[in-house]
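This is what each chain is made of:
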Amino acid sequence: METIEKIKQQLAENPIILYMKGSPKLPSCGFSAQASQALMSCGEPFAYVDILQNPDIRAELPKFANWPTFPQLWVEGELVGGCDIMIEMFQAGELQTLIKEVAAKHKDDAAAAE
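**Student:** Even after reading the chapter, I still don't get the sheet that holds strand 1 (residues 16–20), so can you show me in this structure?
**Tutor:** Across a sheet, strands are paired by hydrogen bonds formed along the backbone, either parallel or antiparallel in direction. The strand order across the open sheet built from four strands is 2-1-3-4, with neighbouring strands paired in mixed fashion. Each edge of the open sheet carries a strand with a single partner, namely strand 2 (47–50) and strand 4 (78–81). Geometrically, the sheet is characterised by an average inter-axis angle of 25° between neighbouring strands, direction not taken into account. Examined bridge by bridge, strand 1 and strand 3 (residues 72–75) share four bridges and lie antiparallel to one another. Pairing of Y19 across the sheet is with Q72, part of strand 3. Along the sheet face, helix 3 (residues 55–65) touches strand 1, strand 2, strand 3 and strand 4 and points at about 60° away from the line of strand 3.

In structure tokens:
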């Protein structure tokens, strides 16, 4: 599968996904640590991709997203932003609202599918 196709599939399958260095429990950079901590504080499950384990995604996603740095938070296939934007949104209470609304909407979708 082409890298861009793989990225598109990940975005389609995961309403909340964080592309980061390392994992939420073991982040490999300070920005990824802050971003995943803010996201975990929202209290909803989210997917993540460790770009250090996926050099193809690490190389292609910045071009695809037109966003040069990691981490990158994507919600419902849309780029929300990186660490600074996530922290600003979290401090304003916007990140929690966005994540809870999207998680609730997709829980309803999952329940409807069962």
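Having seen it, we continue.
**Student:** Explanation requested: the pairing of strand 3 in the structure shown.
**Tutor:** Side-chain direction in a regular strand flips from residue to residue, so the side chains alternate between the two faces of the sheet. Of the two faces of strand 3, both are covered, the one formed by Q72 and W74 as well as the one formed by L73 and V75. Relative to strand 4, strand 3 is paired through three bridges, and the arrangement is antiparallel. Opposite V75, over in strand 4, you have E78 as the bridge partner. Counting the residues in the hairpin turn of strand 3 and strand 4 gives two residues, including E76, whose phi is positive at 50°.

**Student:** When you look at the side chain of Q72 in this model, what are you seeing that I'm missing?
**Tutor:** By the element assignment, Q72 lies in strand 3. Take Q72: its relative accessible area is 0%, and that puts it in the buried class. A polar side-chain atom of Q72 sits 3.1 Å from a polar atom in the side chain of W74. Among residues more than four places away in sequence, those in contact with Q72 are I17, L18, Y19, L61, P62, A65, W67, L79 and G81.

**Student:** Please explain the nonpolar core as it appears in this structure.
**Tutor:** Nonpolar side chains tend toward joint burial in soluble globular proteins. Core analysis: the largest hydrophobic core is formed by 16 residues, its most contacted members being I16, L18, L39, L73, M86, L95 and I99. Residue contributions to this core peak at four residues, all from helix 5 (residues 94–113). Ignoring any residue separated from it by four or fewer positions in sequence, one finds L95 in contact with A38, C42, L73, M86, M89 and F90. Within the second largest apolar cluster, twelve residues are counted, among which are A47, L61, F70 and W74.

About the thresholds
- The written sequence of each chain sets the order in which its residues are numbered from 1.
- Per-residue local features of the predicted model are confined to residues with pLDDT of at least 70, and side-chain atom pairs are confined, for both listing and counting, to 80 or more; whole-chain, interface and lining totals are unaffected and use all residues.
- To get the side-chain values, all heavy atoms of the structure are used, and hydrogens and water are removed first.
- Should DSSP find at least two bridges between two strands, the strands are regarded as paired.
- Secondary structure elements are defined from DSSP: runs of H or I of at least 4 residues count as helices, runs of E of at least 2 residues count as strands, and each element is numbered from the N terminus.
- Comment: axis = line fitted to C-alpha atoms, over the contacting stretch for helices; angle = value between 0 and 180 degrees taken between N-to-C directions.
- Between two residues, a contact is recorded if the distance between any of their heavy atoms is within 4.5 Å.
- Only protein chains enter the accessibility calculation, which uses a 1.4 Å probe; a residue is then buried when its area is under 20% of its type maximum, exposed when over 50%, and partly exposed in between.
- Polar contacts, as used here, are pairs of N or O atoms within 3.5 Å; protein pairs need one atom able to donate a hydrogen and one able to accept it. Residues neighboring in sequence count only if both atoms are side-chain atoms.
- In these notes, a set of buried Ala, Val, Leu, Ile, Met, Phe, Trp, Tyr and Cys residues joined through side-chain atoms within 4.5 Å is what counts as a nonpolar core.

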